[in-house]
Amino acid sequence: MSIVIKIFTQIVLHNLTMNTNIPVHKEIPDLYEELKIRKAYQLIVLKIENDLIVVKEKFPTASYDDMKKFADPQKCCFMIFDFNAKIYLITWAPDTSSATQKMTYAGSKLNLVNSLSGGFVQVQGSDMDDVHIDNLKRMK
């Protein structure tokens, strides 16, 4: 293996595990508490926009089918979903989204997790099987 390929491989691997330091908008922890404690929401969809994790949409009531509508086959997002007496933090990063987008969301997840007060199950979804209703119900 050439030295150029080795260096390139090391850079890629380093970047895949790096935190992007993309901050979480200040309203998100409060919205999560409203979902968790007051049950004010069932679904909060988040996106990264202008180097900030922001709310894309929020719903006071949402079914599993409503959540699936945000599992876009081309775009990543985060979803906080209160379903079946559990709260799920879903990192949606479909296989067909760009590598840059997947890396940005993967590198931003830690900041989001740390901004929330716990009490959720983390789910990584890259296709609909990962977030299938039966799989969600089995998660602890």
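The structure this text deals with has already been given above.
Structural notes, computed from the coordinates. (Residues numbered from 1 in each chain as written. Predicted model: local features only at pLDDT ≥ 70, side-chain atom pairs only at ≥ 80, totals over all residues. Heavy atoms only, no water.)

## Description of the overall build of the protein
Across its full length, the protein carries 5 helices and 5 strands. For the protein, the succession of helices and strands along the chain, N to C, is α-α-β-β-α-β-β-α-β-α. Counting across all 140 residues of the protein, residues that qualify as buried make up 36%. Sequence-distant contacts in the protein: of pairs separated by 6 or more residues, those separated by 24 or more amount to 59%. Carbon together with sulfur atoms contributes 55% to the accessible area of the protein, which is approximately 8,000 Å² in total. (Helix = DSSP H or I, 4+ residues; strand = E, 2+ residues; numbered from the N terminus. Buried < 20%, exposed > 50% of the residue type's maximum accessible area, 1.4 Å probe, protein only. Contact = heavy atoms within 4.5 Å. Areas by Shrake-Rupley, 256 points an atom, 1.4 Å probe, with all protein chains shown as cover.)

## Comments concerning the sheet that holds strand β5 (residues 121-125)
Within a sheet, adjacent strands bond to each other through the backbone by hydrogen bonds, running parallel or antiparallel. The strand order across the open sheet formed by 5 strands is β2-β1-β3-β4-β5, and the pairing between neighbours is mixed. Both outer strands of the open sheet, β2 (53-59) and β5, are each paired with one neighbouring strand and no more. Put simply, the sheet's adjacent strands are angled 20° from each other on average, direction ignored. Sheet analysis places strand β3 (residues 77-83) next to strand β4 (residues 86-92), joined by 7 bridges and oriented antiparallel. Bridge assignment links F81 to a residue of β4, and that residue is Y88. Packed onto the sheet, helix α2 (residues 27-38) meets β1 (43-48), β2, β3 and β4 and runs at close to 30° relative to β2. (Pairing = 2+ DSSP bridges. Axes fitted to C-alpha atoms, helices over the stretch in contact; angles between N-to-C directions.)

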